[in-house]
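# Coordinate analysis (summary)
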Amino acid sequence: MGLSVGIVGLPNVGKSTLFNALSSKQAEAANYAFCTIEPNHGIVPVPDWRFDALVELVQPGKQVPATVEFVDIAGLVRGASKGEGKGNAFLSHIRDAQAIAHVVRCFEDDNVLHVDNRVDPIADIETIETELLLKDLETVQKRLDRARRQSKGGNTIEKKAAEVCEALEKRLDAGTPARGFEVEGEDEQAIVRDLQLITSKPMFYVCNVKEEQLAAGTDDPLVARVKKLADERGAPVVVICAAIEAEIMQLPKEERADFLESIGLKEPGLHAVIQTGYRMLDMITYFTAGKVEVRAWTIKRGTKAPQAAGVIHTDFERGFIRAETIAIDDFLAHKTEAAVKQAGKMRLEGKEYVVNDGDVMHFRFNV
């Protein structure tokens, strides 16, 4: 299942530096606006101690972790919704992402330009989010105009579209994002989905700080302002130093733990960024484990066993019989499938079973 998180923010807030560290790619990062024009894409493994423990235990010939695609979208500026700074192209790239990581500058540095010549994270957030709202408003108004024209002939779907768009127009015009907007009826839900509104996507904030600010975390004065706003909106906040993260990724893997310890970190901040993006999409992981391969499979929370099996192959879903299921803690505690069975910890689950995060599964099917 393809999962994608768009990285947005004003120019020079550290987006491309963060992307480089996430993906180990070298997207251009420079001290001027619109350095990144085409979006950069990077497929990133999701850090998961459970997967690592399974690999260590089973020693498979192949290992395939869960992944998230991160997309580095060029810095937006005031007026982007009207095309300023190639804004229309940039905003179209955001539409393709399923969640948004909003990188916010929370550090002072005279050597790093700010497009508004000041460091104010809340003002920066308002600038970006206003442009996203305005772009969505433009999208809704275009659809509303079409719905009004086409509903004159008695088209019931277009009448519904007009009603939905009128409600959305009022909401967006008041400065409220489309996130949380709900409608009843499949037709109405389809109308909202087809609009692909940017502000309907889940969003979290990534506060980019200097190394000396890391120890303070969310208590840092600039970060605390973002945290307060995020708490009011029910959005997560991750604090990172993008420059340090990029430095970590340049080191040989065997040297990274010592470097992290030297700066007082238990793990790279990137792990929190990746895991937060994954959770924002309401995804969970189940595993298949054998000598040939240990693999993490990504499914939507609440998925039943046959549909989870279908992620591997459509035949698995079509001919589903049952799922032999082991909780990850039981697998790791007993170390082998045979020992798990002997302890009575393997369960046989049917078509109505809702898969739990961390289940180790083997599917029986017949087609």
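When its secondary structure is counted, the protein chain shows 14 helices and twelve strands. Across the 367 residues that make up the protein chain, the buried fraction comes to 49%. Looking at the protein chain alone, contacts between residues at least 24 apart form 69% of all its contacts between residues at least 6 apart. Of the roughly 18,000 Å² that the protein chain leaves accessible, carbon and sulfur atoms contribute 48%.

So, on to helix 6 (residues 186–195). Within helix 6 the residues assigned to the buried category are Glu188, Ile191, Val192 and Leu195. Along the axis of helix 6, the buried positions cluster into a sector of 95°, meaning they face one direction only. Helix 6 presents Glu186, Arg193 and Asp194 as exposed residues on the side facing more than 90 degrees away from its buried surface. Trailing helix 6 by a residue or two, glutamine 196 shows a phi angle of about 50°, which is positive.

Here the focus is the pairing of strand 9 (residues 293–300). Among the eight residues that make up strand 9, six are buried, leaving the element largely enclosed by the rest of the structure. Note that strand 3 (residues 62–64) and strand 9 share three bridges and pair parallel. Looking at strand 9, one finds that glutamine 63 is bridged to valine 294. As defined by bridge partners, strand 8 (residues 283–289) adjoins strand 9 across seven bridges and the pair is classed as antiparallel. Counted as the bridge partner of phenylalanine 287 is alanine 296 from strand 9. Between strand 8 and the antiparallel strand that follows it, strand 9, lie three residues.

This paragraph deals with the environment of aspartate 315. The topology assignment puts aspartate 315 in helix 12 (residues 314–318). Take aspartate 315: its relative accessible area is 22%, and that puts it in the partly exposed class. Residues aspartate 315 and asparagine 366, spaced 51 residues apart in sequence, show a C-alpha to C-alpha distance of 8.1 Å. Ignoring sequence-local partners within four residues, the contact set of aspartate 315 consists of Phe365 and Val367. Within the local environment of aspartate 315, its side chain forms a polar contact with the side chain of arginine 318, the two groups lying 2.7 Å apart.

A separate point is the pattern of salt bridges. Tallied over the full model, the rule gives 20 salt bridges. We note a salt bridge from glutamate 129 to arginine 233, for which the minimum N-O separation is 2.3 Å. Of this pair, glutamate 129 sits in helix 4 (residues 121–151) while arginine 233 sits in helix 7 (residues 221–233), and the two are 104 residues apart along the sequence. On the basis of relative accessibility, which here comes to 13%, the residue glutamate 129 falls in the buried class. What makes arginine 233 partly exposed here is its relative accessible area of 44%. Measuring nitrogen to oxygen at the nearest pair gives 3.9 Å for the salt bridge that ties glutamate 337 to lysine 341. Separated by four residues within a single helix, glutamate 337 and lysine 341 lie in helix 14 (residues 337–342), roughly one turn from each other.

To continue, consider unusual backbone geometry. Unlike most non-glycine residues, glutamine 196 shows phi in positive territory, near 50°. Take glutamine 196: it is sitting in the loop between helix 6 and strand 6 (203–208). Of note, the phi angle at aspartate 282 is positive, near 55°, even though the residue is not glycine. Note that aspartate 282 resides in the loop between helix 10 (269–280) and strand 8.

Below, the discussion takes up the packing of aromatic side chains. One pass over the full model with this rule turns up four aromatic pairs. Seen in terms of ring centroids, tyrosine 286 and phenylalanine 363 are 5.8 Å apart; in terms of plane orientation they differ by 85°. Their pairing is edge-to-face. Of this pair, tyrosine 286 sits in strand 8 while phenylalanine 363 is found in strand 12 (residues 360–365), placing the two residues 77 residues apart along the sequence. Each member of the pair, tyrosine 286 as well as phenylalanine 363, is classed as buried.

The rules we used
- Residues numbered from 1 in each chain as written.
- Predicted model: local features only at pLDDT ≥ 70, side-chain atom pairs only at ≥ 80, totals over all residues.
- Heavy atoms only, no water.
- Helix = DSSP H or I, 4+ residues; strand = E, 2+ residues; numbered from the N terminus.
- Buried < 20%, exposed > 50% of the residue type's maximum accessible area, 1.4 Å probe, protein only.
- Contact = heavy atoms within 4.5 Å.
- Areas by Shrake-Rupley, 256 points an atom, 1.4 Å probe, with all protein chains shown as cover.
- Arc of directions from axis to C-beta.
- Pairing = 2+ DSSP bridges.
- Polar contact = N/O pair within 3.5 Å; in protein donor to acceptor, adjacent residues only side chain to side chain.
- Salt bridge = Lys/Arg side-chain N within 4 Å of Asp/Glu carboxyl O.
- Phe/Tyr/Trp six-rings, centres within 6.5 Å; stacked < 30°, edge-to-face > 60°.

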